[in-house]
Amino acid sequence: MEIKLISSTENILKTVSTAARVCYSGLSVDKLLSRFSPEDNRKLIKKVTGMGHLSVVEHAAFTFSVPKDLKNELFSIMVEKPYLSVTERETDFIVSLNLRTMKELQDLFPEFEFTKAIAKYIPDWLF
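Residues numbered from 1 in each chain as written. Predicted model: local features only at pLDDT ≥ 70, side-chain atom pairs only at ≥ 80, totals over all residues. Heavy atoms only, no water.

**A closer look at the overall build of the protein**
- When helices and strands are counted, the protein shows six helices and four strands.
- For the protein, the sequential pattern of α-helices and β-strands runs β-α-α-α-β-α-β-β-α-α.
- For the protein, the spread of C-alpha atoms along the three principal axes comes to 50 × 25 × 20 Å.
- Residues classed as buried in the protein amount to 41% of the 127 residues present. (Helix = DSSP H or I, 4+ residues; strand = E, 2+ residues; numbered from the N terminus. Buried < 20%, exposed > 50% of the residue type's maximum accessible area, 1.4 Å probe, protein only.)

**Notes on a nonpolar patch on the surface**
- A cluster of nonpolar side chains, V22, V29 and L33, forms an exposed patch at the surface whose accessible area comes to about 220 Å².
- In this structure V22 comes out as partly exposed when scored by relative accessible area, which is 44%. (Patch = residues over 30% accessible without salt bridge, like charges linked within 9 Å, V, L, I, M, F, W, Y side chains within 5 Å. Areas by Shrake-Rupley, 256 points an atom, 1.4 Å probe, with all protein chains shown as cover. Salt bridge = Lys/Arg side-chain N within 4 Å of Asp/Glu carboxyl O.)

**Let's talk about the pairing of strand β2 (residues 61-67)**
- Of all seven residues in β2, six are buried; the element is thus mostly enclosed.
- With four bridges connecting them, strand β1 (residues 4-8) and β2 associate as antiparallel partners. Counterpart to K4 in the pairing with β2 is S65. (Pairing = 2+ DSSP bridges.)

**Observations concerning the environment of L108**
- Position of L108 relative to the elements: it lies in helix α5 (residues 99-108).
- With 18 residues separating them in the primary sequence, L108 and L126 have C-alpha atoms 17 Å apart.
- Setting aside its immediate chain neighbours within four residues, L108 contacts E80 and K81. (Contact = heavy atoms within 4.5 Å.)

**Some details on the nonpolar core**
- Counting 31 residues, the largest nonpolar core has V66, L97, L99 and F114 as the members making the most contacts within it.
- When contributions to this core are tallied by element, the ones reaching two or more residues are α1 (12-22), α3 (38-50), β2, α4 (71-80), β4 (92-98), α5 and α6 (113-118).
- Ranked by residue count, the leading element in this core is α1, at four residues.
- Beyond its immediate chain neighbours, meaning those up to four positions away, V66 contacts I3, L74, D92, F93, V95 and F114. (Core = buried A, V, L, I, M, F, W, Y, C linked by side-chain atoms within 4.5 Å.)

**Here we look at the sheet that holds β1**
- Read from one edge of the open sheet, four strands run β1-β2-β4-β3, paired in antiparallel fashion. Two strands lie at the open edges of the sheet, namely β1 and β3 (85-88), each paired on one side alone. For this sheet, the mean angle separating the axes of adjacent strands, direction not counted, is 20°.
- When β2 meets β4, the two strands line up antiparallel, connected through seven bridges. Following the sheet pairing, F62 is matched in β4 by L97.
- Packing against the sheet, α5 makes contact with β2 and β4, and its axis sits at approximately 100° to β4. (Axes fitted to C-alpha atoms, helices over the stretch in contact; angles between N-to-C directions.)

Right, here's the structure in full:
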C-alpha cells in the first residue's frame with residue numbers, strides 16, 4: 001500500500017496569499033481574492049515566509065491515507081510535531097496536517113518514507 005492524497009485545500013496559492021494579506025490590507029476578502037496575479041501571490045509568500053512568518057501557510061491542509069507499516073514513523077513525528085491528526089483504521093491511518101508542518105517535517109525527518117512521499121505536495125513557491 002502506498003501513501004495517497006485524499007484531499008487538500010483548493011487553490012493553495014490563493015488561500016495562503018489571501019491569509020497573508022488579510023492581516024495588513026484594508027481591502028475586502030473579495031477584492032483580495034481577485035486583485036492579485038499568481039505571480040504577485042508567489043512573490044508575497046516567498047517574502048513573508050523568507051522573513052520567518054510561516055503561520056500563513058498553516059491555512060493549507062492535506063489529508064493522506066498512510067499504510068500501517070509506517071506506524072513507527074508516524075509516532076516519531078507525533079512526538080516532535082503534535083500538529084497533525086492521526087486516525088487509525090483497520091487497514092491504514094488517516095493523517096491530516098497543514099502545509100507548515102509538512103515543510104518542517106522535511107527538515108526534521110528527511111529520511112522517513114512518509115516525509116519523502118508528501119514532499120511532492122509542497123509547492124515550489126514555498127522554498
